[in-house]
Protein chains: 2
Amino acid sequence: MSAILRCLAASLALACAPAQADAPAKGRTMQQVLDASTPTDWRTPAAENTLYLDLADGRVVIELAPAYAPLHAANLRTMAHERYFDGLAILRVQDNFVTQWGDPNAEEKDKARALGKASKTVAPEFERGIDKELPFTRLPDGDVYAPEVGFSDGMPVARDPKSGKTWLAHCYGMVGAGRDNSVDSGSGAELYVVIGEAPRQLDRNIALVGRVVQGMELLASLPRGTAALGFYDKPEQRVTIKSLRLAVDVPESERTPLQLLRTDTETFSALVESRRNRRDDWYKQPAGKIGLCNVPLPARKPPTH
Amino acid sequence: MSAILRCLAASLALACAPAQADAPAKGRTMQQVLDASTPTDWRTPAAENTLYLDLADGRVVIELAPAYAPLHAANLRTMAHERYFDGLAILRVQDNFVTQWGDPNAEEKDKARALGKASKTVAPEFERGIDKELPFTRLPDGDVYAPEVGFSDGMPVARDPKSGKTWLAHCYGMVGAGRDNSVDSGSGAELYVVIGEAPRQLDRNIALVGRVVQGMELLASLPRGTAALGFYDKPEQRVTIKSLRLAVDVPESERTPLQLLRTDTETFSALVESRRNRRDDWYKQPAGKIGLCNVPLPARKPPTH
């Protein structure tokens, strides 16, 4: 395929024109913002908050959000340390909703995998109190579901100053702990990730535990299950989990070097603005607005220089 | 897998409890609303506005929106009638954005497929005037991107009473005509469909032509391309288009019988309400709100009785 077609086709959404090095009047593109970022604009997620979900096709990297779900994060660390998930499977892929994994035999007493030192129940962590110590970069354009939205340490969050509560928001790539009707039944033994339009109706009804920061395409491109709710009809359709480990339990040489753009910096605010008003020639009517789940959260390999 | 686990796992988002036949105080679930629907709540999309995109794995059904993009709809009818797309390919799948198809050789003069009677350029149809004849069922909860949002003949739309304009909105499953930097370059020869979080920044910048009403999972579950913007690196990764035909050009016996829920009825308003406030026991804090792109648009096989 010629470079020109790539450009033509690509221009659906991203600039093909060379980046304008000097266009203060028009503002900056996201690429220009990122190119101008400094090392302090980036952070390395802590190894004790990083999960590696290894599948035959590659690795999914998940960052936990212990500030919002400390009990779930702790339970997941225990499960990962004890290799609870290794050999279990992706059970459900429902189009425009979630991919979900866990123990296919969870309900069969004789076959279900033991949780070891992990808890079977975990107190609900659906929301928490607003705390001045908690970072919050507010977005300027409002939200359909919550009074305020923004980012907290890389996580999309919502807040209600009236109730004094804040919570993680169900954006694309967010990971949560599936639960039964009782609010403490989401131990983390069954996890899901959002693969479609943000199902914000789930906010404050279930514990989100973190987000996928690399490898979403591996979970979003799986065949959809054809049984009710996207469950795979046949055991052989399930995708086996090679392992789910905490990065601290993985030898350094096998870890995935990764940096994430901080969300409490001027660079991040500039990035948000670059997405609110697209600056390349393709856009004729910049939106002038941005939704919480439309803000990209850049990740990169640590620079070598 | 036991029914119980299905229920447990499923309860992440959908009711497992038996439908409550009589729960006026709590309101109705979506299933109860649909079960109570009457034949007049449903419509059959017109064959001259229905495209069948046939792939090896199955059929994708697209309903055109001639009220919003009449010139593009006409050009697409011509292309489909002339079998322009047959044998062409899906070229690009960008995670959380779009799947796009067209002519891999579009930019190579000697190899590009001829457009026949179809136009190479089509006047932009990015928005249109608000017209009292145009159906509009407004949603009650606002929108980040537009002053008003709702549904018009099954299509998600936005409106700005101040400018007097209305436009189709980039929700999951919406189909648009890729274009180059010039506004009339989107002939329909390269089409894309939204497979992730609604990229509403594209609204009013490109012509949407309709929406997928069945078979989205076939386009959303494709492997993501690894080249820039999700293009497939190698020709053999592309997915061949068996055919893209207008339903009127397909023998009756090969058509897909389908009905869509009307969006200008009390049943549809009840459905919206059932999704704003989920009524099953799983939900502890019904959202009380709904975003434009979170409203499901039910399709069904025509009942046989």
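What counts, and where the lines are drawn
Residues numbered from 1 in each chain as written. Chains lettered and ligands numbered in written order. Predicted model: local features only at pLDDT ≥ 70, side-chain atom pairs only at ≥ 80, totals over all residues. Helix = DSSP H or I, 4+ residues; strand = E, 2+ residues; numbered from the N terminus. Rg over C-alpha atoms; globule rule 2.2 N^0.38 Å. Buried ≥ 20, exposed ≤ 12 C-beta atoms within 10 Å, placed from the backbone. Contact = placed C-beta atoms within 7 Å. Pairing = 2+ DSSP bridges. Nonpolar A, V, L, I, M, F, W, Y, C, P; charged D, E, K, R; others polar. Core = buried A, V, L, I, M, F, W, Y, C linked by C-beta atoms within 7 Å. Domains from an automatic or database assignment. Axes fitted to C-alpha atoms, helices over the stretch in contact; angles between N-to-C directions. Least-squares fit on C-alpha atoms with pLDDT ≥ 70 in both. pLDDT = per-residue confidence, 0-100. Expected span 1.5 Å × (residues − 1).

Secondary structure summary: chain A contains 5 helices and 17 strands in total. Computed over its C-alpha atoms, the radius of gyration of chain A comes to 20 Å, within 12% of the 19 Å expected for a compact globule of 305 residues. Within chain A, the fraction of its 305 residues that count as buried is 51%. Taking contacts inside chain A between residues at least 6 apart in sequence as the whole, the part at least 24 apart equals 71%.

To continue, consider the sheet that holds strand β16 (residues 259–261) of chain A. All names here are of chain A. Spatially, 3 strands are ordered β1-β16-β17 in an open sheet, and the strand pairing comes out antiparallel. Looking at which strands have only one partner, the edges of the open sheet turn out to be β1 (42–43) and β17 (299–300). Sheet topology note: the β1/β16 ladder contains 2 bridges and is antiparallel. Looking at β16, one finds that R43 is bridged to L260.

In this section: the environment of A118 of chain B. Residue and element names in this part refer to chain B. Residue placement: A118 occurs in the loop between β5 (98–102) and β6 (128–129). Distance in space between the C-alpha atoms of A118 and A74 is 8.7 Å, their sequence separation being 44 residues. Once residues lying within four places of it in the same chain are set aside, the contact partners of A118 are N75, T78, M79, E82, Y84 and S187.

What follows covers the interface of chain A and chain B. Listed as interface residues are 67 residues of chain A and, on the opposing side, 67 residues of chain B. For the side of chain A that touches chain B, the secondary-structure elements that each account for two or more residues are α1 (3–10), β4 (89–93), β5 (98–102) and α4 (216–220) of chain A. The biggest single contributor to the side of chain A that touches chain B is α1 of chain A, with 6 residues. For the side of chain A that touches chain B, the residue count by class is 34 nonpolar, 14 polar and 19 charged.

Moving on, we get to the nonpolar core. Grouped together as the largest cluster of nonpolar side chains are 159 residues, with contacts concentrated most on V209 of chain A together with V209 of chain B. If we skip the residues at most four places from it in the chain, V209 of chain A touches L64, A65, A69, H72, A73, L76, V175, G176, A177 and G188 of chain A.

On to the domain arrangement of chain A, then. Residue and element names in this part refer to chain A. Domain boundaries in chain A define domain 1 (19–43 + 260–300) and domain 2 (47–257). The distance between the C-alpha centroids of domain 1 and domain 2 comes to 27 Å. The interface of domain 1 with domain 2 comprises 12 residues on the first partner and 16 residues on the second. The biggest single contributor to the side of domain 1 that touches domain 2 is helix α5 (residues 266–276), with 3 residues. Of the residues belonging to the side of domain 1 that touches domain 2, the class tally is 8 nonpolar, 2 polar and 2 charged.

All names here are of chain A. A positive phi angle, near 60°, is found at R83, a position not held by glycine. Along the chain, R83 falls in the loop between α3 (70–81) and β4. In this structure R83 comes out as partly exposed when scored by C-beta crowding, with 13 C-beta atoms within 10 Å. The phi dihedral of L229 is positive, around 60°, even though this residue is not glycine. Summarising the element assignment, L229 is placed in the loop between α4 and β14 (239–240).

All names here are of chain A. If you trace the 9 strands from one edge of the open sheet to the other, you get β14-β4-β5-β12-β11-β13-β3-β2-β15, paired in antiparallel fashion. The strands lining the two open edges of the sheet, one partner per strand, are β14 and β15 (243–246). With 4 bridges joining them, strand β2 (residues 50–55) and β15 adopt antiparallel strand pairing. Across the sheet, L51 pairs through a bridge with L246, a residue of β15. Contacting β2, β3 (58–64), β11 (174–177), β13 (208–214) and β15, α3 crosses the sheet at an angle of about 120° to β15.

In this section: the pairing of β5 of chain B. Every other side chain in a regular strand lies on the same face of the sheet, so the side chains alternate between the two faces. Residues and elements named next belong to chain B. Most of β5 sits out of view: 5 of its 5 residues are buried. Bridging between strand β4 (residues 89–93) and β5 involves 4 bridges; their strand directions are antiparallel. By the bridge assignment for β5, I90 is matched with W101.

This paragraph deals with the relation of the copies chain A and chain B. Once chain A has been moved 0.0 Å along the axis and rotated by 180°, it coincides with chain B to within an RMSD of 0.0 Å. Each copy turns onto its partner about a two-fold axis.

The subject of this paragraph is the confidence of the model for chain A. Detail in the predicted coordinates should be disregarded across regions flagged by low pLDDT. Residues and elements named next belong to chain A. Residue-level pLDDT values for chain A average 92, and 91% of them are 70 or greater. Note that pLDDT drops below 50 for residues 1–11; the model gives that stretch 25 contacts with residues more than four away or on any other chain. Low pLDDT (under 50) marks residues 13–25, which in the prediction has 16 contacts with non-local residues, meaning those over four places away or in another chain. We note a pTM of 0.93 for the whole complex and an ipTM of 0.93 for its interfaces.

Turning our attention to the pairing of strand β8 (residues 148–152) of chain B. Residues and elements named next belong to chain B. Pairing analysis gives 2 bridges linking strand β7 (residues 137–138) to β8, with the strands arranged antiparallel. Bridge assignment links R138 to a residue of β8, and that residue is G150. As paired elements, β8 and strand β9 (residues 155–160) share 5 bridges and run antiparallel to each other. Across the sheet, E148 pairs through a bridge with R159, a residue of β9. Between β8 and β9, which pair antiparallel one after the other, the connecting turn spans 2 residues, and D153 there sits at a positive phi close to 50°.

Residue and element names in this part refer to chain B. Compared with an ideal rise of 1.5 Å per residue, which puts 12 residues at 16 Å, helix α3 (residues 70–81) spans 16 Å between its outermost C-alpha atoms and is within 8% of the ideal. What α3 keeps buried is the set H72, A73, N75, L76, R77, M79 and A80. Among the residues trailing α3, R83 stands out with phi positive, at a value near 60°.

Residue and element names in this part refer to chain A. Considering the arrangement of structural elements, one finds G173 in the loop between β10 (165–168) and β11. Considering only alpha carbons, one finds G173 and A118, 55 residues apart in sequence, at a separation of 25 Å. Sequence-distant contacts of G173, defined by excluding residues within four places in its chain, comprise V193, V194, R211, V212 and M216.

This paragraph deals with the environment of A114 of chain A. All names here are of chain A. Within the element layout of this structure, A114 appears in the loop between β5 and β6 (128–129). For A114, a count of 9 C-beta atoms within 10 Å translates into the label exposed. Sequence separation between A114 and Y84 is 30 residues; the distance between their C-alpha atoms is 7.9 Å.

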